[in-house]
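Topology and contacts: notes
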Amino acid sequence: MRLLEPLRHKEFRAAWLGQTINIFGDAVFGVAIALFLLPRPDAARAISLVLAMVALGGVVSVLVGGVLADRRRRTIMIIISDLIRLTALAAILLAGPAAPLPTLLTAALVMGLGLGLYRPAYGALLPSLLPPALIAPGNALRAMSNRIAAVAGAAAAGAAVAATSAQTTLIIDLATFLISISTLLVIRDATPHLDPRQTSGWQDFREGLHHVRTRPWMSSIMVQGTVQLALVNGPLYVLLPLVLGSGSERIYGLVVAAEAAGSLTGAAFAGTRRPRRPGYAAMFCLLAQLPQLAGLALGASGHLMVPLSFVAGVGLGGFAVLWLSALQASTPKDKLGRVMSVDSLANTAFTPIGLALAGWLFTIAGPTALATIAAVVLVLSVVVVLPIPGVADLGGPVTPRPRDNATIDTPVAS
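These notes cover the structure that comes with them. All residue numbers here refer to positions counted from 1 along the written sequence of the relevant chain. For this predicted model, a pLDDT threshold of at least 70 governs which residues receive local features, and a threshold of 80 or more governs which side-chain atom pairs are given and counted, while totals over whole chains, interfaces and linings are taken from all residues. Side-chain numbers come from the whole structure's heavy atoms, not from hydrogens or water.

So, the overall build of the protein
Put simply, DSSP marks the helices as runs of H or I at least four residues long and the strands as runs of E at least two long, and each gets a number from the N terminus on. A tally of helices and strands in the protein yields 15 helices and zero strands. Only protein chains enter the area calculation, which uses a 1.4 Å probe; residues under 20% of their type maximum are buried, those over 50% are exposed, and those in between are partly exposed. For the protein, the residues scored as buried account for 57% of the 414 residues in total. On the protein, roughly 16800 Å² of surface is accessible, and the fraction owed to carbon and sulfur atoms is 70%. The Shrake-Rupley method, run with a 1.4 Å probe sphere, supplies the accessible areas, and residue values consider only the shown protein chains as cover.

Details of the nonpolar core
Ranked by internal contacts, the top residues of the largest apolar core, which has 120 residues, are I33, M222 and W323. For this core, the leading source of residues is helix 1 (residues 10–37), giving 14 residues. Every residue pair with non-hydrogen atoms within 4.5 Å of one another is taken to be in contact. Other than its neighbours up to four places away in sequence, M222 contacts V212, W323, L327, V339, V342, D343, A346 and N347. To form a nonpolar core, buried Ala, Val, Leu, Ile, Met, Phe, Trp, Tyr and Cys residues must be joined to one another through side-chain atoms within 4.5 Å.

Overview of the packing of helix 1 against helix 4 (residues 101–128)
Angles shown run from 0 to 180 degrees and are taken between the N-to-C directions of axes, each axis being a line fitted to C-alpha atoms and, for helices, limited to the stretch in contact. One can describe the packing of helix 1 onto helix 4 by two numbers: an axis separation of 13 Å at closest approach and a directional angle of 155 degrees. In terms of orientation, helix 1 lies roughly antiparallel with respect to helix 4. Where helix 1 crosses over helix 4, the handedness of that crossing is left-handed. Across the interface between the two elements, F12, A15, W16, Q19, N22, I23, F29 and L37 from helix 1 touch L104, M111, Y118, Y122, L125 and L126 from helix 4. A per-class count over the contact of helix 1 with helix 4 returns twelve nonpolar, two polar and no charged. Here is the rule for angles: anything less than 35 degrees is roughly parallel, anything more than 145 is roughly antiparallel, 65 through 115 is roughly perpendicular, and the remaining ranges are oblique. Helix crossings get a hand from a simple test, with the near helix turned counterclockwise from the far one by less than a right angle marking a left-handed crossing and a clockwise turn marking a right-handed one. Classes in brief: Ala, Val, Leu, Ile, Met, Phe, Trp, Tyr, Cys and Pro nonpolar; Asp, Glu, Lys and Arg charged; the others, Gly included, polar.

With respect to the environment of G66
Position of G66 among the secondary structure elements: in helix 2 (residues 43–69). By relative accessible area, G66 is classed as buried at 0%. Spatially, the C-alpha atom of G66 lies 9.1 Å from that of Y118, the residues being 52 residues apart in sequence. Dropping the residues within four chain positions of it, G66 is found in contact with P120, G337, R338 and S341.

Digging into the side chain of S145
Residue placement: S145 occurs in helix 5 (residues 135–163). The definition of a polar contact used here is a pair of N or O atoms within 3.5 Å, where within protein one atom must be able to donate a hydrogen and the other to accept one, and adjacent residues in sequence count solely through side-chain atom pairs. Of the polar contacts made by the side chain of S145, one reaches the side chain of W16; its length is 2.8 Å. Engagement of the side chain of S145 in a polar contact is seen with the backbone oxygen of R142, the distance being 3.0 Å.

Looking at helix 11 (residues 290–297)
When we look at burial in helix 11, the residues that qualify are Q292, L293, G295, L296 and A297. Positive phi shows up at G299, right after helix 11, with a value of about 70 degrees.

Concerning a nonpolar patch on the surface
Two distance rules govern patches: like charges are joined within 9 Å, and nonpolar side chains (Val, Leu, Ile, Met, Phe, Trp, Tyr) within 5 Å, applied only to residues with over 30% relative accessible area and no salt bridge. For this document, the term salt bridge refers to a Lys or Arg side-chain nitrogen within 4 Å of an Asp or Glu carboxyl oxygen. Taken together, the side chains of L231, L357, W360 and I364 define a hydrophobic patch exposed on the protein surface, amounting to about 390 Å² of accessible area. For the nonpolar patch, the leading source of residues is helix 14 (residues 351–365), giving three residues. The residue L231 is located in helix 8 (residues 216–244) in this model. Residue classification places L231 among the partly exposed positions, given a relative accessible area of 36%.

Structure, rendered in structure tokens:
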């Protein structure tokens, strides 16, 4: 089976296994940290601000992470990221859920800084461990295993919190970082080749940004992601645990797991088919979050939110595969880490504001208003980008720009 061929390569197999477990830990954290903070009297504010600080840390460090991912061994960058996040999570556990909010926010910021280093390094590592013919199957395998890990992590977190405590569940997340590090130590990936003309990290970043801005389809979808993650996903992260409420640990875990299971389904479907207009298909996939938002706005029961979240996950998983494939096909390998970091920055630039705003709006306006606003923003953000050249096919001609200190990219077929 071609999908499994990348696993014949020992170093890819080690990286894939370790980072699948890492993603499992991320899913555990996403459920457990909200339930960890839920007993606080200021739970809405605490959950939104802690998540916002994690996102802010990622925004601050992701560009540096992208530059380093194209200059240093990517396994080393992931190990450094794991150690930073492990330390931050240990600090949260030691402080406890009743700790002063500034203490929790500082640890959350540090965790986000580690996450920003992780994203571009992991995005660029797996393709470097495979021959060109197996990169596409490797990406599909990665996408599917990430969804499986997210399903298992979310479900396990909900069950573990119900059976033990949120603190014990977060200790499980600590262990996943150690497992990830142990698998990376056996990989001898090469240091990326450096262009002798490149003299600074700033120049490296400018080249990555130049690659994105000269492709209107790429930059416009990144901006759409900025809006969606800040003003749609941000409210969802805050709404779900608060609407379901205390005592709903298992249901909350099932809701998150259902979305991850849907993502697996969507990723598998998108990985085996090539739509005639992949860009339109990708943007349509994003609208699958509308039923989930409608359920929250109308006060749907926790059990009904499970299938609605599955539908949302199908769309998000399909979009992720189509989008990642387009980025990799349109980006030279020596710029991939930086382009991935620009994409991550664009997607998360205003997420901290969105999360903080969601907590405030929930307090003063309630869940119905917050979910309705998010649904309107989702539809408008998708409709606006559809007419932009290149969006329909997730590729297009390079926009000529005056030559400056950045190197003008040669168009790459998508």
